[in-house]
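Chain by chain, the residues run as shown.
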Amino acid sequence: MPELPEVEVTCMGLTPHLIGQKLSHFWSSGKPLRQPVPVNALLHVSNSSILAVKRRAKYILIEFQSGKLLIFHLGMTGNLGIFAPNTPRRKHDHLEWQLESGSLLRFHDPRRFGLVAVLNGNNKQEVELFFATSGMEPLSSDFTADYLQHAAKRRSIAVKPFLMTSQIVVGIGNIYASESLFHAGIRPDKSVQLLQEREWQRLVEAVQKVLRHAIACGGSTISDFRNASQKSGYFQISFHVYGKAGIPCSECGATIKKLTLSGRSSFFCPHCQH
Ligand SMILES: [Zn+2]
């Protein structure tokens, strides 16, 4: 499943191809995604220049001069990429526009859990409502130890599922939660009530370090975005604990353990994490 770093890198990759361009020749496979495709709204994003490509949570936002926002979520298997003119469509291509450059913007999604929507960006309420359940951006300056400590008040939950709650902080999936807790030296099953201020501080720093590292790894493939965009899956990041049960910890040599928390596999070093 594409995570926050993959979505961020997709935005970075799309930006130079899309800025200043207009979309035309809209095509749809006619198949629904997670929700029905709003074909009429998608036809009407044509003929206005693209000003910016941004990420919010795990959504890609394409901003038009008209104020319209074209929004994509990649779901489980979605991919939004740029293709050379006249590249034949493949199975599972669902949406396509032509750019003025002749290149094609295509949304491909075998499992069709992705989402496409058009919002009126001039209508603040409409935009706020759309993102009402999306919590804090982990790479923003407002993502602080204070914020997390406050959000954890009166909750009895382990820190790992807490970190994966998108109403609190967006975009931290199972892998990045496991890796962040390793870097912070905190056991995934520790109750949020037991975390000290300095541990929250370490957690904020670890989350940002892990996400920035993943984005940098993905960013290194951007010069060849056209090809990169046709692949999917995780970047080739070397994980410290995720998927490493039974293997010696890279820091201390103790055996990495696995436990299940809120139904998700969690990996940790019993020596490095407390
Ligand atoms: Zn260790």
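Residues numbered from 1 in each chain as written. Predicted model: local features only at pLDDT ≥ 70, side-chain atom pairs only at ≥ 80, totals over all residues. Heavy atoms only, no water.

### What to know about the packing of aromatic side chains
Remark: the centre distance and the inter-plane angle together describe each pair of aromatic rings, the angle taken between the planes.
Part 1 of the reasoning: Under the definition given, this model contains nine aromatic pairs.
Part 2 of the reasoning: Measuring from ring centre to ring centre gives 5.4 Å for Y59 and F131, while their planes differ by 85 degrees; the resulting arrangement is edge-to-face. Remark: F131 occurs in the loop between α3 (124-130) and α4 (145-152) and Y59 occurs in strand β3 (residues 59-64); sequence separation between them is 72 residues.
Part 3 of the reasoning: Positioned above the aromatic ring of F83, the side-chain terminus of R106 is 5.4 Å from the ring centre. (Phe/Tyr/Trp six-rings, centres within 6.5 Å; stacked < 30°, edge-to-face > 60°. Helix = DSSP H or I, 4+ residues; strand = E, 2+ residues; numbered from the N terminus. Lys NZ or Arg CZ within 6 Å of the ring centre and 35° of its normal.)

### Points about helix α6 (residues 174-184)
Because the α-helix completes a turn every 3.6 residues, residues three or four places apart line up on one side.
Part 1 of the reasoning: Within α6, 10 of the 11 residues are buried, which leaves the element mostly enclosed by the surrounding structure.
Part 2 of the reasoning: Taken together, the buried positions of α6 are occupied by N174, I175, Y176, A177, S178, E179, S180, L181, F182 and A184.
Part 3 of the reasoning: The positive-phi residue at the C-terminal boundary of α6 is G185, with phi of around 70 degrees. (Buried < 20%, exposed > 50% of the residue type's maximum accessible area, 1.4 Å probe, protein only.)

### Here we look at the coordination of the zinc ion
Part 1 of the reasoning: Distances from the zinc ion to its protein donors, namely C249 (SG), C252 (SG), C269 (SG) and C272 (SG), fall within the range 2.2 to 2.4 Å.
Part 2 of the reasoning: Its four donor atoms give the zinc ion angles of 99 to 114 degrees at the centre, a pattern that matches the tetrahedral case.
Part 3 of the reasoning: Mapped onto the sequence, the donors of the zinc ion take the spacing C-x2-C-x16-C-x2-C.
Part 4 of the reasoning: Judged by its relative accessible area of 0%, C269 is buried. (Donors = N, O, S within 2.8 Å, 3.2 Å for Na, K, Ca; no water. Tetrahedral: all angles 85-135°; square planar, octahedral: opposite > 155°, others 65-115°.)

### A closer look at the confidence of the model for the protein
Part 1 of the reasoning: When pLDDT is averaged across the protein, the result is 92; 93% of the residues are at 70 or more.
Part 2 of the reasoning: In the model of the protein, helix α8 (residues 225-228) stands out as the element of lowest mean pLDDT, 48, in contrast to helix α5 (residues 159-163), which has the highest, 98. (pLDDT = per-residue confidence, 0-100.)

### Focus: the nonpolar core
Part 1 of the reasoning: Core analysis: the largest hydrophobic core is formed by 30 residues, its most contacted members being F162, W200 and L203.
Part 2 of the reasoning: Elements represented by at least two residues in this core include exactly α1 (4-18), α4, α5, α6 and α7 (197-219).
Part 3 of the reasoning: Top contributing element to this core by residue count: α7, with nine residues.
Part 4 of the reasoning: Setting aside chain neighbours within four positions, we find L203 in contact with V159, L163, S180, L181, A184, I186 and L195. (Core = buried A, V, L, I, M, F, W, Y, C linked by side-chain atoms within 4.5 Å. Contact = heavy atoms within 4.5 Å.)

### A word on the sheet that holds strand β1 (residues 23-28)
Part 1 of the reasoning: Read across the sheet, four strands follow the order β1-β6-β7-β5 without closing on themselves; strand pairing throughout is antiparallel. Edge strands, defined here as strands with exactly one partner in the open sheet, are β1 and β5 (79-83). Each adjacent strand pair in this sheet contributes to an overall mean axis angle of 20 degrees, direction not counted.
Part 2 of the reasoning: By the bridge criterion, five bridges tie strand β6 (residues 93-99) to strand β7 (residues 104-108) in an arrangement that is antiparallel. Paired with L95 across the strands is F107, a residue of β7.
Part 3 of the reasoning: Sheet strands touched by α1: β5, β6 and β7. Its angle to β5, the strand with the most contacts, is close to 35 degrees. (Pairing = 2+ DSSP bridges. Axes fitted to C-alpha atoms, helices over the stretch in contact; angles between N-to-C directions.)

### Examining the pairing of β6
Part 1 of the reasoning: For β6, the tally of buried residues reaches six of seven residues, placing the bulk of the element in the interior.
Part 2 of the reasoning: Adjacent in sequence and paired antiparallel, β6 and β7 are bridged by four residues, among which G102 carries a positive phi angle near 95 degrees.

### Observations regarding α4
Part 1 of the reasoning: When α4 is considered as a whole, its buried residues turn out to be A145, L148, A151 and A152. The arc that holds every buried residue of α4, seen down its axis, measures 135 degrees, which confines them to one face. In α4, those exposed residues whose orientation departs by more than 90 degrees from the buried face are D146 and H150.
Part 2 of the reasoning: Just downstream of α4 lies R154, where phi reads positive at about 60 degrees. (Arc of directions from axis to C-beta.)

### Things to note about the sheet that holds β3
Part 1 of the reasoning: Strand order in this open sheet of four strands is β2-β3-β4-β8, and the pairing throughout is antiparallel. This sheet does not close on itself; its edge strands, each paired only once, are β2 (50-56) and β8 (115-120). Neighbour-to-neighbour, the strand axes of this sheet turn through a mean angle of 20 degrees, independent of strand direction.
Part 2 of the reasoning: The pairing of β3 with strand β4 (residues 68-73) spans five bridges and is classified as antiparallel. When the sheet's bridge partners are listed, I62 is paired in β4 with L70.
Part 3 of the reasoning: Against the sheet, α1 touches β2 and β3, its axis set at about 175 degrees to β2.

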